[in-house]
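Summary of structural features
Residue strings, one per chain:
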Amino acid sequence: MSEHKQEQETTHFGYETVDKGEKAGRVADVFHSVAAKYDLMNDLMSGGVHRLWKRYTIELSGVRAGQKVLDIAGGTGDLTLKFSRLVGPEGQVVLADINDSMLKVGRDKLIDKGVAGNVQVSQADAQFLPFADNTFDCITIAFGLRNVTDKDLALRSMLRVLKPGGRLLVLEFSKPGNPLLEKAYDAYSFAFLPTMGRLITDDADSYRYLAESIRMHPDQNTLKDMMSNAGFAACEYHNMTGGIVALHKGIKP
Amino acid sequence: MDPTLSTAAFASLERMINSALNYDPGSQQKLRKLGAKTLQICCQGPTITAFVLIDGGQVQLRQHYEGQIDCQLKGSAMALANLGLSSQHSLANSGVQVFGSTGLLVDLQGIAKDLDIDWEEPLSQLLGDVAGPSLAGLVRKGMSFWREREASVWQRSGEALSEELRATPHPYEQEDFNQAVDQLRDDGERLAAKVAKFQHSLEAALSAAKQGNQPE
């Protein structure tokens with residue numbers, strides 16, 4: 001009983017087990033540290049492939065002019081930028097992130113690119129979204145869910161603010177299907193990423209956390225079941241780059 | 001196919017088309033006049049679906065699209081490629097099925113045919129203000145030379161193959177042969193239908209005769 005209670009009060013921070021109250025602060029420290037060079041590191045770490053993953057996410061979103069979109073953990077605003085063009089002046093995009101350093105970088109980047117009028121910026125926790133029920137036509141969370149302390153709570157919160165018929169898209173690192181690819185990917189993640197992090201941002205620990213948090217994140221089928229359990233219908237996923245990344249989709253019934 | 005690869009292919013092709021359009025303002029203007037239009041291309045061998053979204057003189061290529069489609073093309077990769085490259089407007093015997101607005105297809109075919117890229121600007125950016133225009137001039141002359149001779153080269157090659165070397169049949173002979181094959185297939189199907197009908201009548205007659213011979 002006490003073991004179960006302890007399990008409920010702890011969570012993962014990479015390979016460490018930490019108190020639930022502690023995780024948000026430690027994740028915040030990671031992103032405060034990497035925010036300034038986040039885009040550069042994304043391009044270097046993925047060889048630019050993250051742009052293709054995001055492009056595919058935009059295509060599957062089916063977002064049209066006049067719709068309302070919530071980009072959770074939107075960070076530096078890559079998806080928000082594309083959505084703001086799709087929804088047009090009649091629509092609205094909310095760029096939300098729990099981390100103010102990431103939001104500042106994202107907001108500045110959007111302003112520099114001339115995006116204004118249909119974008120709002122909101123510092124929000126995915127577990128307790130500060131929006132009315134049935135507000136959004138589409139919600140995306142790209143490379144953010146694994147950093148959330150209570151993923152089930154976050155999924156239920158997203159379901160609440162989605163309109164009936166609206167869709168949730170979760171773009172996240174996942175489990176490669178091929179054992180050889182998995183080995184190569186492990187070597188890359190645990191040897192190359194922290195070294196690159198140390199050279200470019202002088203912060204190897206943050207990128208070690210990144211690699212560890214990916215391994216601790218639920219695999220494709222587990223996340224699909226979590227979405228179904230939260231109340232989403234027609235849940236499915238698309239593996240990309242051999243399953244290194246998966247795009248999950250669910251509809252609010 | 002892994003969505004990463006297909007997305008990369010679509011993104012590269014889209015960038016190439018839009019770069020070409022940026023260096024041909026005339027074609028871009030014609031495309032802008034079309035307004036917002038969507039063309040769906042369903043390639044049936046290999047199975048690939050592509051959506052071509054045209055808006056504001058730019059082209060977007062997508063694998064998924066849920067909005068309204070103005071024109072849909074269906075056919076094999078070879079048939080679709082031939083349609084894109086050929087200058088004829090008729091779809092007869094092309095192997096491509098069209099649903100929706102054929103006007104959009106004719107407009108796009110016209111724009112693709114008249115595409116005239118101004119190589120001077122990209123080459124000047126790449127090679128400088130002296131070498132760029134000189135090379136662009138050579139490219140322009142070469143393309144003009146090829147365009148002038150393209151039709152006659154194809155025609156003379158065709159004549160040489162079919163009439164001098166007798167290596168391939170003349171198009172008219174090929175068409176006659178195709179029609180004969182079609183006629184034979186139709187005749188065969190009619191004969192099969194008549195045989196089936198006769199067999200059915202015979203079985204009915206035999207069954208009736210059997211019932212008549214049975215003692216009461």
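Residues numbered from 1 in each chain as written. Chains lettered and ligands numbered in written order. Predicted model: local features only at pLDDT ≥ 70, side-chain atom pairs only at ≥ 80, totals over all residues. Heavy atoms only, no water.

1. Comments concerning the side chain of A:His217
Residue and element names in this part refer to chain A. Here histidine 217 shows up in the loop between α9 (204-216) and α10 (220-230). Under the relative-accessibility criterion, histidine 217 is labelled buried at 3%. Each residue touching histidine 217, except ones within four places of it in the same chain, is listed here: Leu145, Arg146, Lys151, Glu172, Phe173, Lys175 and Leu223. (Helix = DSSP H or I, 4+ residues; strand = E, 2+ residues; numbered from the N terminus. Buried < 20%, exposed > 50% of the residue type's maximum accessible area, 1.4 Å probe, protein only. Contact = heavy atoms within 4.5 Å.)

2. Some words on the confidence of the model for chain B
This prediction gives chain B a mean pLDDT of 85; 96% of its residues lie at or above 70. Of all secondary-structure elements in chain B, the lowest mean pLDDT belongs to helix α5 (residues 120-127) of chain B, at 78, while strand β3 (residues 58-62) of chain B reaches the highest, 93. (pLDDT = per-residue confidence, 0-100.)

3. Things to note about the interface of chain A and chain B
Listed as interface residues are 14 residues of chain A and, on the opposing side, 13 residues of chain B. Carbon and sulfur atoms supply 52% of the area buried between chain A and chain B, which totals about 1,200 Å² over both sides. Area buried by chain A at its contact with chain B is led by A:Leu52, A:Arg55 and A:Glu59, which between them contribute 47% of it. Our enumeration of links across chain A and chain B arrives at two salt bridges. A salt bridge links B:Glu14 to A:Arg55; the nearest nitrogen and oxygen atoms lie 2.9 Å apart. The tally of links between chain A and chain B comes to nine residue pairs in polar contact (both at pLDDT 80 or more). Elements supplying a minimum of two residues to the side of chain A that touches chain B: α4 (49-61) and β8 (233-240) of chain A. (Buried area = accessible area lost by both parts, 1.4 Å probe. Salt bridge = Lys/Arg side-chain N within 4 Å of Asp/Glu carboxyl O. Polar contact = N/O pair within 3.5 Å; in protein donor to acceptor, adjacent residues only side chain to side chain.)

4. Here we look at the packing of aromatic side chains
Enumeration over the complete set of coordinates arrives at six aromatic pairs over all chains. Considering the side-chain rings of A:Phe143 and A:Phe173, the 4.8 Å spacing of their centres and the 40° angle between planes classify their relative orientation as tilted. Taken together, the residues span a long stretch of sequence, with A:Phe143 in the loop between β6 (136-142) and α7 (151-161) and A:Phe173 in strand β7 (residues 162-173) at a distance of 30 residues. Under the relative-accessibility criterion, A:Phe143 is labelled buried at 10%. You can call A:Phe173 buried: its relative accessible area is 16%. For the ring pair B:Phe51 and B:Tyr65, a centre distance of 5.9 Å and an interplane angle of 50° mean the geometry is tilted. Note that B:Phe51 is positioned in strand β2 (residues 47-55) and B:Tyr65 in the loop between β3 and β4 (71-75), a separation of 14 residues in sequence. On the accessibility criterion, B:Phe51 (6% relative accessible area) is buried. Feature note: the residues A:Trp53, A:Phe143 and A:Phe173 constitute an aromatic cluster, connected by ring pairs. Directly above the ring of A:Tyr185 sits A:Arg215, whose terminal nitrogen or CZ lies 4.6 Å from the centroid. (Phe/Tyr/Trp six-rings, centres within 6.5 Å; stacked < 30°, edge-to-face > 60°. Lys NZ or Arg CZ within 6 Å of the ring centre and 35° of its normal.)

5. Considerations on the environment of B:Glu14
Residue and element names in this part refer to chain B. Tracing the chain through its elements places glutamate 14 in helix α1 (residues 3-22). Looking at glutamate 14, the relative accessible area reads 16%, which means it is buried. Between the C-alpha atoms of glutamate 14 and valine 59, which are 45 residues apart in sequence, the distance is 6.7 Å.

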